[in-house]
Amino acid sequence: MRSSIRRTLLAGATAGLSLTLVAPAVSANASELHRSASEHRSAVHHKHSTTAATQKAMRTLRQALRVANAKYRLDVRAARIAFATATAPARAARDAVVSTSTVPADIVAAWHAYATATAVATATRDAKVSAAAATWVTTTEAAYVAFDKATAPAEAGARAAYRASVRTATTTLRHAVDTARSTFESATELARATKRAAINAAVATYRSGAMDQAARDALHAAVEAAETAFRTDPAVVAAVTARGTATRSAYLAFRTSMATARSTFVAATHHAPVRGMMVLPKH
């Protein structure tokens, strides 16, 4: 889009400059000078009109994107607040165990019980977030299409295809990263529970004692030992490697998809695509 704006400005400026330079050399008589001056004013007016129209279209686009982004964030926030409210009792029951238990199996059981108790609320939240995302895509795409038609109608199809490719690549990347994280959490569940239980035991020992400097040093050492045990656990080491491999593969696929999308766009329009707010905003 910026490339088109720059081309429009450059074309207008070049036309105006050419007329300015040519006018004195056309003729020395007043009528021809007057005609040349009139043509120059007409060219300048056309340039300003085109620029004004482009700027107006850009303002309209930006406003539409701001409204769509704000609505998306509000809808997602509302879904999360509703989820937090509905799952507060289950979360409190989970945290009561996870923050105090020294038995890894009990901590794992608390996690599972929470997941089961909140399954419906989780599905409802995710559905609302998906609906908000779908609305955002529909709204922003309509705004982009309107802008393209107003500023570069010949490129409208290529721009729409590029935006679709960007969204698809980004969505695929996010899904792959989320899957890698979820797989890691499942594979390290017992190790994480063991670390949490060890830390809980260290905290309980600290609180039941003098809580002096020696006790604080012992607590610190116990926490460090629990962290080290977690990092060196064979299951964790394997899971970290698997997560890294999956994540790197996802980013490589993303970069490949983006390169393909850019090449396709360049072939269709003969200039590089402009990066814009074509993916869901952070919330």
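The structure contained in this document is the topic of the report that follows.

## A short note on the overall build of the protein chain
Here comes step 1: Across its full length, the protein chain carries 9 helices and 0 strands.
Here comes step 2: The order of α-helices and β-strands along the protein chain, N terminus first, is α-α-α-α-α-α-α-α-α.
Here comes step 3: By residue count, 29% of the 283 residues in the protein chain fall in the buried class.
Here comes step 4: In the protein chain, of all internal contacts separated by at least 6 residues, the share reaching a separation of at least 24 is 77%.
Here comes step 5: Summed over all atoms, the accessible surface of the protein chain reaches about 16900 Å², with 63% contributed by carbon and sulfur.

## Regarding the packing of aromatic side chains
Here comes step 1: Counting across every chain of the model gives 1 aromatic pair.
Here comes step 2: Its end group placed over the ring of Phe83, Arg125 keeps NZ or CZ at 4.3 Å from the ring centre.
Here comes step 3: When the ring centre of Phe230 is taken as reference, the NZ or CZ atom of Lys195 above it lies at 4.4 Å.

## A closer look at the pattern of salt bridges
Here comes step 1: One pass over the full model with this rule turns up 10 salt bridges.
Here comes step 2: Arg125 is the salt-bridge partner of Asp126, the closest N and O atoms lying 3.1 Å from each other.
Here comes step 3: On the basis of relative accessible area, Arg125 is assigned to the partly exposed category, the value being 22%.
Here comes step 4: Here Asp148 and Arg163 are joined by a salt bridge, their closest N and O atoms 3.0 Å apart. Within this pair, whereas Asp148 is found in helix H5 (residues 119-151), its partner Arg163 is found in helix H6 (residues 156-187), the two being separated by 15 residues in sequence. The same class applies to Asp148 and to Arg163, which are both buried.
Here comes step 5: Because the salt bridges share partners, they merge into one network encompassing Glu141, Asp148, Glu155, Arg159, Arg163 and Arg167.

## Re the layout of surface pockets
Here comes step 1: In this structure, the largest pocket spans a volume of roughly 1500 Å³.
Here comes step 2: Forming the boundary of the largest pocket are 40 residues, of which Arg125, Asp126, Asp178, Arg181 and Ser182 lie nearest the centre.
Here comes step 3: Those elements giving two or more residues to the lining of the largest pocket turn out to be helix H2 (30-86), helix H4 (104-117), H5, H6 and helix H7 (189-208).
Here comes step 4: Per-element tally for the lining of the largest pocket: the top contributor is H6, with 12 residues.
Here comes step 5: Taken together, the residues of the lining of the largest pocket sort by class into 18 nonpolar, 10 polar and 12 charged.

About the cut-offs
- Residues numbered from 1 in each chain as written.
- Predicted model: local features only at pLDDT ≥ 70, side-chain atom pairs only at ≥ 80, totals over all residues.
- Heavy atoms only, no water.
- Helix = DSSP H or I, 4+ residues; strand = E, 2+ residues; numbered from the N terminus.
- Buried < 20%, exposed > 50% of the residue type's maximum accessible area, 1.4 Å probe, protein only.
- Contact = heavy atoms within 4.5 Å.
- Areas by Shrake-Rupley, 256 points an atom, 1.4 Å probe, with all protein chains shown as cover.
- Phe/Tyr/Trp six-rings, centres within 6.5 Å; stacked < 30°, edge-to-face > 60°.
- Lys NZ or Arg CZ within 6 Å of the ring centre and 35° of its normal.
- Salt bridge = Lys/Arg side-chain N within 4 Å of Asp/Glu carboxyl O.
- 1 Å grid on protein atoms, 1.4 Å probe; cavity = no way out; pocket = protein on both sides within 12 Å on 5 of 7 lines; lining within 4 Å.
- Points joined across faces, edges and corners; volume = space filled by probe spheres on them.
- Nonpolar A, V, L, I, M, F, W, Y, C, P; charged D, E, K, R; others polar.

What is shown is where atoms sit, not what they do.
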